[in-house]
Amino acid sequence: MPTVILLDVSLSMSRPVPTTDIENHTRFTLATAAINTFLDYLCVHAKLEYVSLVTFSSVYEVAVPFTREFDNIRVKLPQLEEGDKTCIETALHGVNQIILNEWGYQTPVQIILVTDGSSGVGAIGRNRIIQALPLPPTYPGKIHVLPVVSPHDSSLQHAMPLYQKIVDLASNTTNNSNANLMRGAIYCPDQLNIPGVIAAMTRLCEQHYQEFWCTLKCGQLETRVQLFPAPQPASHEGLSASYTLSNQLHVIGFLQQQDLGTPIALSKHLVIPQAQVGSNSATRENYGSKTPTKEGSSTEGTTTEDDMSDPSKIPNFCVLLHGALKVEGMSAIVQLGSEWWGTLSAWCEVSRARRSCLLLSILRPGASAAPWLGPLDQLGPSEENSTSTDSFPVRSWRSYSGGGSGCAWARPHALLADVQKVLRHARKLPDKTQHLYKELNRLRRAAISLGFAELLTCVGSALERECTTLPTNAPPECALQLAHAAAALRDPRTAFDIKHTLQPLATNFTVTSMSH
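Residues numbered from 1 in each chain as written. Predicted model: local features only at pLDDT ≥ 70, side-chain atom pairs only at ≥ 80, totals over all residues. Heavy atoms only, no water.

A. Spotlight on the overall build of the protein. Secondary structure assignment for the protein yields 13 helices and 14 strands. A burial count over the protein gives 43% of its 516 residues as buried. Taking the contacts inside the protein whose residues are at least 6 apart along the sequence as the reference set, 72% of them involve residues at least 24 apart. Carbon and sulfur atoms make up 53% of the accessible area of the protein, which totals about 27,400 Å². (Helix = DSSP H or I, 4+ residues; strand = E, 2+ residues; numbered from the N terminus. Buried < 20%, exposed > 50% of the residue type's maximum accessible area, 1.4 Å probe, protein only. Contact = heavy atoms within 4.5 Å. Areas by Shrake-Rupley, 256 points an atom, 1.4 Å probe, with all protein chains shown as cover.)

B. Broad picture of the environment of E211. Inspection of the secondary structure puts E211 in the loop between α6 (194–208) and β6 (212–218). Overall, the relative accessible area of 27% leaves E211 in the partly exposed class. For the pair E211 and Q226, spaced 15 residues apart in the sequence, the C-alpha separation amounts to 7.1 Å. Residues within four places of E211 in sequence aside, it is in contact with V44, H45 and Q226. Among the polar contacts listed, one links the side chain of E211 to the side chain of W213, at a separation of 2.7 Å. (Polar contact = N/O pair within 3.5 Å; in protein donor to acceptor, adjacent residues only side chain to side chain.)

C. The arrangement of the side chain of S119 in detail. You can see S119 is positioned in the loop between β4 (109–115) and α4 (123–132). Ignoring anything within four residues of it in the chain, the contact list for S119 reads I129, H158, A159 and L162.

D. Focus on unusual backbone geometry. Following L135, the chain continues into P136 via a peptide bond in cis, with omega recorded as 0°. Here P136 lies in the loop between α4 and β5 (141–147). The step from F228 to P229 runs through a cis peptide bond, and the omega angle for that step is -5°. Along the chain, P229 falls in the loop between β7 (221–228) and β8 (248–256).

E. Quick peek at the sheet that holds β7. Taking strand neighbours around the barrel as the criterion, the seven strands line up as β6-β7-β9-β14-β13-β12-β8 in a closed arrangement whose pairing is mixed. Mean inter-strand twist for the sheet, computed between neighbouring axes without regard to direction, equals 40°. Two elements, strand β12 (residues 330–337) and strand β13 (residues 340–348), share five bridges in a ladder whose sense is antiparallel. When the sheet's bridge partners are listed, A332 is paired in β13 with L344. Taken strand by strand, helix α9 (residues 317–328) contacts β6, β7, β8, β9 (265–273), β12, β13 and β14 (356–363), and its axis lies near 80° from that of β13. (Pairing = 2+ DSSP bridges. Axes fitted to C-alpha atoms, helices over the stretch in contact; angles between N-to-C directions.)

F. Region of interest: the pairing of strand β2 (residues 51–56). The buried fraction of β2 amounts to six of the six residues, a majority that puts the element mostly inside the structure. What you see with β2 is no split at all: V51, L53 and T55 on one side and S52, V54 and F56 on the other are buried throughout. Two strands pair when backbone bridges link them, and strand β1 (residues 3–8) and β2 are joined in this way by six bridges, in the parallel orientation. The partner of V4 across the bridge, within β2, is S52. The pairing of β2 with strand β3 (residues 60–67) spans five bridges and is classified as antiparallel. Residue pairing for β3: T55 is matched across the bridge by E61. Joining the antiparallel neighbours β2 and β3 is a turn of three residues.

G. Spatial organisation of the pattern of salt bridges. One pass over the full model with this rule turns up twelve salt bridges. With a shortest N-O distance of 2.5 Å, D40 and R74 are connected by a salt bridge. Remark: R74 occurs in helix α2 (residues 70–76) and D40 occurs in helix α1 (residues 27–45); sequence separation between them is 34 residues. You can call D40 partly exposed: its relative accessible area is 42%. Its relative accessible area of 22% is what places R74 among the partly exposed residues. (Salt bridge = Lys/Arg side-chain N within 4 Å of Asp/Glu carboxyl O.)

H. Just the packing of aromatic side chains, in detail. Scanning all chains against the criterion turns up three aromatic pairs. Their ring planes at 75° and their centres at 5.2 Å tell us that F38 and Y209 sit as a pair that is edge-to-face. With F38 in helix α1 and Y209 in the loop between α6 and β6, this residue pair connects regions lying 171 residues apart in the sequence. (Phe/Tyr/Trp six-rings, centres within 6.5 Å; stacked < 30°, edge-to-face > 60°.)

I. Looking closely at the environment of C318. Position of C318 among the secondary structure elements: in helix α9. For C318, a relative accessible area of 4% puts it in the buried group. In the structure, C318 is positioned 95 residues away from T223 in sequence and 7.6 Å away in space, judged by C-alpha atoms. Apart from the residues lying within four places of it in its own chain, the contact partners of C318 are L216, T223, V225, V271, P273 and L358.

J. Examining helix α10 (residues 412–426) more closely. Helix length check: α10 (15 residues) gives 22 Å between terminal C-alpha atoms against 21 Å at 1.5 Å per residue, within 8%. Every buried residue belonging to α10 is among A414, D418, V419, V422, L423, H425 and A426, and all of these are buried. (Expected span 1.5 Å × (residues − 1).)

K. Structural context of the nonpolar core. Residues L7, F38, L53, L80, V148 and M201 are the most contacted members of the largest nonpolar core, which totals 36 residues. Broken down by element, the residue count for this core peaks at nine residues, all from α1. When sequence neighbours within four positions are dropped, the list of residues in contact with L7 reads M13, F28, A31, I35, L53, V54, T55, F56, L77, L80 and V114. The next biggest cluster of nonpolar side chains, apart from the first, holds 29 residues, and it includes A91, L133, V149 and A170. (Core = buried A, V, L, I, M, F, W, Y, C linked by side-chain atoms within 4.5 Å.)

L. Expanded view of the sheet that holds β1. Taken in spatial order, the five strands make up an open sheet running β3-β2-β1-β4-β5, and their pairing is mixed. Lying at the two open borders of the sheet, with one neighbouring strand each, are β3 and β5. Each neighbouring strand pair of the sheet contributes to a mean axis angle of 15°, computed without reference to strand direction. Helix-sheet contacts for α1 involve β1, β2 and β4, and the interaxial angle to β1 is about 170°. Here α6 sits on the sheet and contacts β4 and β5; the angle it forms with β5, its principal contact strand, is near 165°.

M. Layout of helix α11 (residues 433–450). For α11, which comprises 18 residues, the first-to-last C-alpha distance of 26 Å matches the rise-based estimate of 26 Å (1.5 Å per residue) to within 8%. Most of α11 sits inside the fold, with 13 of its 18 residues counted as buried. With its phi angle positive at about 75°, G451 sits one or two positions after the end of α11.

So, in structure tokens, the structure goes:
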């Protein structure tokens, strides 16, 4: 996941550090050493990480935009200019805008706040800063704080409530699609010197930037792969259990991409094969040890230096699988754990380098992650002697379109038009009851297919507002139908069941006259 290094360049960062070394250090030079340690760690364990350097004092500035060229950040650090006072809330406002413009609302982001351990204000000012913090963010993320200060400094004790509040608020993200992210933390150095800040940054890296290795298996073929970014335990709205990815991923079948469609994905990860070390035949996986030569003879387990330098010439299961999926236009169904599946597809980077690898999409836990396929745990090979003319997947007897045309929401006005159509029918109850539920079912199925569950909550709230604005002479059935429809949209038992159909509330109102 992308990382923002939020570096304090206020005047207080220029204070000298008491030391017995011949070389004099300031808090800024210690911060620079910590950041270089972080970049060194990424060069070994997370080369694909995107990192941005943002500096702040009373204003913020993007010193280095998001990049994988970590040397750009190293070169920029000695060139940074001093600022004035520390304004953390202003810096976080700026970082939020940068992240939303660059990555949107769905990409998890980590922020490393490197500051001097002083809030610069008293207790009243600290409370004012806490109230002005632009947290929680509208994107999934977490904030780590690395104060460059002695653990016994009184200014740190005064600033700790502020730092802890920043960490806690950042973890309570309003975007709950990744609410299972590991929380951020405060990493105080044991002592105010270069080894102390390097040790603190190393602890941060080891806890939040660890590699995730597992085994990808398909029949008798298998290989060690790294998933980037490292997957998090799955926690989704409506699910009480927490799911952890297994260390063995089993390919259990293949589907045409047009049949698979685009099921909701909790996260996506690049599948990077383990680098081949040496030319021993034991490392050449299950492709056979004999390779024909030009003279017709064979060599056992030998490769040239040129072959070893070119990954495309080294036999690897991932290369085989990528080529097969790309040529056949198919995706692989992968068992991630108990009641948890994902899909593997061929991915190619749109850049001058044109690098390609496998892409793992982790689906929502449960057998109904792709409702149009039916239960994933019941998928099996097609029968060769089947006389059915229906193409896969088998169509349900129930029409998913609700009897109307599908929803196309390429532009905001198209979505608004569909919602307004529902509300128009709601205002003409009870005459338009059937039309209302027809449109609700069409809207609901489209929202579930696209992973747009928040839309159903908003439509339910709109129907409740319509219920409160009914005229006094409106038939009682109007309020009952509106309340019933709003509750049905939010029913957790059928929240993600695309096959479920909302039905009108059965009512029977009769008016009888009384004789005197």
